[in-house]
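# Results of the structural survey
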Amino acid sequence: MSPLDAVRRRFRHHAWAGRTLVRVLEAHPVPEALRPFAHALAADRVWHRRLTGADTAGLEIWPTLDAAACRTLLAATTSDWRGFLGGLDDLDGTIQYQNSQGQPFESSVADVLDHVRLHAAHHRGQANAALRAAGVAPPALDLIVWARTPTAPRL
């Protein structure tokens, strides 16, 4: 498997983990779980726009979203990533962007894509911890769970 195909595969897990978590949040809308998940989704949107050169002005990084709004944003970001990764030829490029405080940076495309997934995994973990604290069984979101479940949706 090529490095680019491996990234695409990991993003299929990324989308599955988001869909799995949002289903639990729709059934159990724990605010302390929704907050980090909404942030992860909003950050996905920002990073996608940075990678495509689109404007990020006005995008909220810590939005207050209910589960339905999370589902909508998740669907949009999943579509965005599918399109971006489907058109990507290699991982060798770099992007220049400003962070949310306006500081300029340059990062490799590969590093940004790794960051997007790891950042989301961190915040999904926070959401799962909040669900558990509220007495709700959190879903298993690990890549290995996805990989060994042949019926898991792939994207």
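I will try to describe carefully the structure that is included in this document. None of these values were measured; they are calculated from a predicted model.

Cut-offs and rules
- Each chain has its residues counted from 1, following the order in which its sequence is written.
- Owing to the predicted nature of the model, reporting of local features is limited to residues with pLDDT of at least 70; listing and counting of side-chain atom pairs is limited to 80 or more, with chain, interface and lining totals taken over all residues.
- As a convention, hydrogens and water are excluded, and side-chain values are obtained from all of the structure's heavy atoms.
- What counts as a helix is a DSSP run of H or I of at least four residues, what counts as a strand is a run of E of at least two, and both are numbered from the N terminus.
- Only protein chains enter the accessibility calculation, which uses a 1.4 Å probe; a residue is then buried when its area is under 20% of its type maximum, exposed when over 50%, and partly exposed in between.
- It only takes one pair of heavy atoms within 4.5 Å for two residues to be counted as in contact.
- Both site types are read off a 1 Å grid over the protein atoms alone. A 1.4 Å probe that fits but cannot get out defines a cavity, while an open set with protein on both sides within 12 Å along at least five of seven lines defines a pocket; lining residues have an atom within 4 Å of a point.
- Grid points are joined across faces, edges and corners, and a volume is the space filled by probe spheres set on the points.
- Note on residue categories: nonpolar means Ala, Val, Leu, Ile, Met, Phe, Trp, Tyr, Cys or Pro, charged means Asp, Glu, Lys or Arg, and polar means any other residue, Gly included.
- Any Lys or Arg side-chain nitrogen located within 4 Å of an Asp or Glu carboxyl oxygen qualifies as a salt bridge.
- Here a Phe, Tyr or Trp ring, Trp counted by its six-membered ring, pairs with any other such ring whose centre lies within 6.5 Å, and the pair is stacked when the planes are under 30 degrees apart, edge-to-face when over 60, and tilted otherwise.

### Digging into the side chain of Thr20
By the element assignment, Thr20 lies in helix H1 (residues 3-27). Since its relative accessible area comes to 10%, Thr20 is described here as buried. When sequence neighbours within four positions are dropped, the list of residues in contact with Thr20 reads Pro139, Ala140 and Leu141.

### Here we look at the side chain of His48
For His48, the position within the fold is in helix H2 (residues 31-52). Its relative accessible area of 12% is what places His48 among the buried residues. Those residues within four positions of His48 in sequence are excluded, and the remaining contacts are Asp80, Trp81 and Phe84.

### Digging into empty space enclosed by the protein
A complete count under the given rule lists one cavity of 30 Å³ or more for this structure. If you add up the space inside the largest cavity, you get close to 50 Å³. Secondary-structure elements contributing two or more residues to the lining of the largest cavity are H1, H2 and helix H4 (109-133). Looking at the lining of the largest cavity element by element, the count peaks at four residues for H2. Residues belonging to the lining of the largest cavity are distributed by class as follows: five nonpolar, two polar and two charged.

### Considering the pattern of salt bridges
Per the stated rule, a full pass over the model turns up four salt bridges. Measuring nitrogen to oxygen at the nearest pair gives 3.2 Å for the salt bridge that ties Arg8 to Asp5. Separated by three residues within a single helix, Arg8 and Asp5 lie in helix H1, roughly one turn from each other. For Asp5, a relative accessible area of 36% corresponds to the partly exposed category. In this structure, Asp80 and Arg45 form a salt bridge, with 3.2 Å as the shortest nitrogen-oxygen distance. Of this pair, Asp80 sits in helix H3 (residues 67-87) while Arg45 sits in helix H2; the two residues are 35 residues apart in sequence, bridging distant segments of the chain. Overall, Arg45 belongs to the buried group, its relative accessible area being 17%.

### Looking at the packing of aromatic side chains
Here the distance between the centres and the angle between the planes together describe a pair of aromatic rings. The full count for this structure, using the stated rule, is four aromatic pairs. Ring geometry for Trp47 and Tyr97: centres 5.1 Å apart, planes at 70°, overall edge-to-face. Remark: Tyr97 occurs in strand E1 (residues 94-98) and Trp47 occurs in helix H2; sequence separation between them is 50 residues. Summarising the burial analysis for this pair, Trp47 and Tyr97 share the class buried. An angle of 85° between the planes, with centres 6.0 Å apart, marks the rings of Trp81 and Phe84 as edge-to-face.

### Examining the layout of surface pockets
Size it by volume and the largest pocket reaches roughly 190 Å³. As for the largest pocket, its lining consists of 13 residues, and the residues nearest its centre are Trp47, Arg50, Ile61, Asn99 and Ser100. Taken together, the elements giving at least two residues each to the lining of the largest pocket come down to H2 and H4. No other element matches the five residues that H2 contributes to the lining of the largest pocket. The residue inventory of the lining of the largest pocket, partitioned by class, reads six nonpolar, six polar and one charged.

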